[in-house]
Structure formats: structure tokens, C-alpha cells
Amino acid sequence: MAAPVVSLYDGPEEALRAAARLFVTACDAAVRARNRFMVSLSGGSTPRALYRLLSGIDGGGDASGAVAWEKVHVFWGDERAVPADAVESNYRMVRESLLDHVPIPVSQIHRIESERPAPEAAARYEQTIRFAFDIDHDSVPSFDLALQGMGHDGHTASLFAGSPLLLEQRRLVAAEWVASINSERITLTPPVLAAARLLGFLVLGADKAAAVARALQMVAPDAQLPAAFVAAQARHVEWILDRAAADGRQAAG
Ligand code: 6PG
């Protein structure tokens, strides 16, 4: 495991542009090497602006023009157990901010079928992943990029502090009722996130500063901080932070 790369930026706009560059660079490398880009996207609110930048909606023309969209396969790191058109749906957020605006073939959009009972949706999504990566039941896929956020409580995807899913080593996808947020979730498990060629965390805003500081100072993996717990197992991690989330450290250019 290489040491994590931590990139700090003055404000959210610079950090978002850096995240767009990271996406474009990872996509370009994957397409050159394997003629496709297997990317798992985060939900939540932070990445919406990134997806709008990538799609060209918000002045990201250079980014959207640089992506071989026809080679991109989109997956999700997690999903809420709600219908795809629900306002809470991560699929809906990505569809509105990205998928409706770029020419990714529909067959390459691998939605979590969150309208089904969560355990069934998880099992079906795992089969979708295994089929897309052409791997058997003993293998773990390597996404070219797993783009994650982090909650102020240190969760990532739908892996929350103290969850037994943090110790899951067999399943690629699992469903769990998360009592702390009164929400049923479907999530990639740590082995999948850790196996990504690049595990990227885009974390912005002062409300994340305490969790970021704990994550970056962590010495031994701590299940109370799932994002750092997963990062500690990962092959290659990059944190993209704005100054507010990094709590005032020197900003990168
Ligand atoms: C979700 C996300 C989740 C998110 C964090 C940060 O389904 O909510 O996958 O893991 O990345 O909660 O969310 P914000 O970006 O909204 O702060």
C-alpha cells in the first residue's frame, strides 16, 4: 500500500477542478490500458458539482470533452433503498448531473436496483459487477477509480462506524439497516473499495474537518472511522480536500 496522496486546495472550486482532472486522467489511463473505464461513483451532495463539471453543465467543457464517454462503465459505491426517481436516490443525482448529459451507452450504466428489497438488490448488483468484470465468486474486482465522499462522522459509501460490514471479506455488495440515520442502504464492501486502482476521496467543507484530521492522523485502522479504515487497506489513495475540510493547512496550487 502506497502512502496516501493528500492534495489541498484553497476553495471548493479548485478542489472540484482537481477532482475532474483526476477523473479524466484515470479514465484516459484505463482506456489506454484496457479500452474501458470502470468507475464507481459516490452519492451524497458533494460530488453533484463534480458531475456537473464533468458533464460540461457548469463550464467544465475541457473536462467533458476529454473523456471517452463511450468507454465509461458507471457503477455506484452505494445507494439508498429508495426508488430510482426518489429525491434521495444516488442514481437520480448522478443521472441528473451527469448521465443525462454525456453519451455513456445505457448498457454501461450499472444501477443498483434499489426499488427491490435491499438484500435482493445487493445480490443482483454483486452479480452485475461480477458479470461486468468477468470474474468468478472468489475474485474481487478492481475498479479503475472508486470515487468516494466522507461523512462528518467518517463514514464512506454506506459503511458506518461499528458496522459488521467493515469486516466483510466475502461479499462484494451488502445491504444494511443503518439505525443512526434511519435508512436502509446497499453498499460496496471494504475489499472492493480497497482493491480499486485508485480510491479517491473528495471531501469539502468545514463540517468534515474533524473527521479529515482524524483520518489523516490515524496510525492504526479504526473501525470507528470507516473512510480511513478502508483507505488503510487500499492500493492507492488520494484525498482531494479544500482548505475548510483540511482545517487551514497550506493549500496546493
Ligand atoms: C451517500 C454517500 C455517502 C456520502 C457521504 C458524504 O449515499 O450519502 O455515498 O457516503 O459520500 O455521506 O456526503 P456529502 O457529500 O453529502 O457530505
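Only a predicted model underlies this, so the values are computations on that prediction, with no experimental measurement involved. (Residues numbered from 1 in each chain as written. Predicted model: local features only at pLDDT ≥ 70, side-chain atom pairs only at ≥ 80, totals over all residues. Heavy atoms only, no water.)

Peer 1: Help me understand the overall build of the chain, please; the structure alone is not making it clear to me.
Peer 2: Helix and strand counts for the chain stand at nine helices and nine strands. By the compact-globule yardstick of 18 Å for 253 residues, the chain fits well, its C-alpha radius of gyration being 17 Å. Within the chain, buried positions represent 55% of all 253 residues. Sequence separation of 24 or more characterises 74% of the internal contacts of the chain that already satisfy a separation of 6 or more. (Helix = DSSP H or I, 4+ residues; strand = E, 2+ residues; numbered from the N terminus. Rg over C-alpha atoms; globule rule 2.2 N^0.38 Å. Buried < 20%, exposed > 50% of the residue type's maximum accessible area, 1.4 Å probe, protein only. Contact = heavy atoms within 4.5 Å.)

Peer 1: What exactly am I supposed to notice about the sheet that holds strand β8 (residues 199–203) here?
Peer 2: Two orientations exist for strands paired in a sheet by backbone hydrogen bonds: parallel and antiparallel. Strands sit in the order β1-β9-β8-β5-β2-β3 across an open sheet of six strands; the sheet is parallel. Every interior strand has two partners, whereas the edge strands, β1 (5–9) and β3 (72–76), have only one. Ignoring which end each strand starts from, the neighbouring axes of this sheet average 20° apart. As judged from the five bridges shared by β8 and strand β9 (residues 237–242), these two strands associate in the parallel manner. Following the sheet pairing, G200 is matched in β9 by E238. Here helix α2 (residues 46–55) sits on the sheet in contact with β2 (37–41), β5 (145–148) and β8, set at roughly 110° to β8. (Pairing = 2+ DSSP bridges. Axes fitted to C-alpha atoms, helices over the stretch in contact; angles between N-to-C directions.)

Peer 1: Sorry if this is basic, but what is going on with the site of the ligand here?
Peer 2: Near the ligand there are 16 residues, and of these S45, T46, D78, H155 and A157 occur at the shortest range. The separation between an oxygen atom of the ligand and a polar main-chain atom of A157 is 2.6 Å. Side-chain polar atom of R185 to an oxygen atom of the ligand: 3.4 Å apart, as the coordinates give it. Out of a free accessible area of 410 Å², the ligand has 88% covered by protein chains. Across the shell around the ligand, the residue classes break down as two nonpolar, ten polar and four charged. (Near = heavy atom within 4 Å. Polar contact = N/O pair within 3.5 Å; in protein donor to acceptor, adjacent residues only side chain to side chain. Areas by Shrake-Rupley, 256 points an atom, 1.4 Å probe, with all protein chains shown as cover. Nonpolar A, V, L, I, M, F, W, Y, C, P; charged D, E, K, R; others polar.)

Peer 1: Looking at this structure, I do not really get the confidence of the model for the chain. What am I missing?
Peer 2: The predicted structure's coordinates, where accompanied by low pLDDT, should not be read in detail. Across the chain, the average pLDDT comes to 94, with 96% of residues at 70 or higher. Helix α3 (residues 61–65) is the least confidently modelled element of the chain, averaging 70 in pLDDT, while β2 averages 99, the highest of any element. This stretch, residues 248–253, has a pLDDT under 50; its non-local contacts, to residues over four places away or in other chains, come to twelve contacts. (pLDDT = per-residue confidence, 0-100.)

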